[in-house]
Amino acid sequence: TSRGDGLTLPNKKDGYVLFGYYPNGTDAIQLPSYIQNVTVHQHGWGAGWKAPVRHYMGTNATNPTYLPLFGENNNIRRSLGFVGHDTTMGTQVNNSILLEVTPASSSTITTTEQQYQVFLYCVGITTTIG
């Protein structure tokens, strides 16, 4: 498997959203012209739908689980972040996540019917998030 390495290969992607990718918890985003927005919603039992908190896991130059992007001076930076960790119910995990992809308005889409693919990269964690 690529473990995310396809992000640095030419012509292998139209765009991406990497949640919590940067140390301040912000996302790395590059959307193609046919996508207007990507939004994540989390259902927090009793609290309803909310915007999930982004978490930055860190940077690791040698761990292929960490996702690579070109950074300053065209150097590859491997970082990992995520959304959806919620401890409001104690030890219970209540992570119902909805990923909403909004297509661009029809004025920017040149074809009447087009199929698109969305890939999700998921990593299981075993450490405690504080």
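Residues numbered from 1 in each chain as written. Predicted model: local features only at pLDDT ≥ 70, side-chain atom pairs only at ≥ 80, totals over all residues. Heavy atoms only, no water.

Below, the discussion takes up the overall build of the protein chain. The secondary structure content of the protein chain amounts to zero helices and eight strands. Helices and strands appear in the protein chain in the N-to-C order β-β-β-β-β-β-β-β. Burial statistics for the protein chain: of 130 residues in total, 28% are counted as buried. Roughly 9,100 Å² of accessible area belongs to the protein chain as shown, and the carbon and sulfur atoms make up 51% of that amount. (Helix = DSSP H or I, 4+ residues; strand = E, 2+ residues; numbered from the N terminus. Buried < 20%, exposed > 50% of the residue type's maximum accessible area, 1.4 Å probe, protein only. Areas by Shrake-Rupley, 256 points an atom, 1.4 Å probe, with all protein chains shown as cover.)

On to the pattern of salt bridges. Taken as a whole and assessed by the stated rule, the structure comprises one salt bridge. The closest approach of N and O atoms between Arg-54 and Asp-27, which form a salt bridge, is 3.0 Å. Taken together, the positions of Arg-54 in strand β5 (residues 54-59) and Asp-27 in the loop between β1 (16-18) and β2 (28-30) put the pair 27 residues apart, joining distant regions of the chain. Look at Asp-27 and you get buried, because its relative accessible area is 18%. (Salt bridge = Lys/Arg side-chain N within 4 Å of Asp/Glu carboxyl O.)

Any two aromatic rings considered together are summarised by their centre-to-centre distance and by the angle between their planes. The tally for this structure, following the rule as stated, stands at one aromatic pair. Both rings, one in Tyr-21 and one in Tyr-22, keep their centres 5.3 Å apart while their planes meet at 90 degrees; by these two values the pair is edge-to-face. When its relative accessible area of 2% is taken as the criterion, Tyr-21 is described as buried. (Phe/Tyr/Trp six-rings, centres within 6.5 Å; stacked < 30°, edge-to-face > 60°.)

On to a nonpolar patch on the surface. Taken together, Leu-99, Val-101, Val-118 and Leu-120 make up a surface patch of nonpolar side chains, about 350 Å² in accessible area. A relative accessible area of 57% means that Val-118 is categorised as exposed. (Patch = residues over 30% accessible without salt bridge, like charges linked within 9 Å, V, L, I, M, F, W, Y side chains within 5 Å.)

Averaged over every residue, the pLDDT of the protein chain is 75; residues scoring 70 or more account for 63%. Summarising per-element confidence for the protein chain, the mean pLDDT is lowest in strand β4 (residues 48-50) (78) and highest in β2 (89). (pLDDT = per-residue confidence, 0-100.)

Here we take up the nonpolar core. By size, the foremost hydrophobic cluster in this structure holds six residues: Tyr-16, Leu-18, Tyr-21, Ala-28, Leu-67 and Leu-69. Listing elements by their share of this core, those giving two or more residues are β1 and β6 (67-70). Residues in contact with Tyr-21, not counting those within four places in the same chain, are Thr-26, Asp-27, Ala-28, Tyr-56, Leu-67, Pro-68, Leu-69, Arg-77, Arg-78, Ser-79 and Gly-81. (Core = buried A, V, L, I, M, F, W, Y, C linked by side-chain atoms within 4.5 Å. Contact = heavy atoms within 4.5 Å.)

On to the sheet that holds β5, then. Strand order in the open sheet formed by three strands is β5-β7-β6, with antiparallel pairing between adjacent strands. One side of each edge strand has no neighbouring strand; the edge strands of this open sheet are β5 and β6. Looking at each pair of strands side by side, their axes are set apart by 40 degrees on average, direction ignored. Bridge count between β6 and strand β7 (residues 76-83): four bridges; the pairing is antiparallel. Within the sheet, the bridge partner assigned to Phe-70 lies in β7 and is Ile-76. (Pairing = 2+ DSSP bridges. Axes fitted to C-alpha atoms, helices over the stretch in contact; angles between N-to-C directions.)

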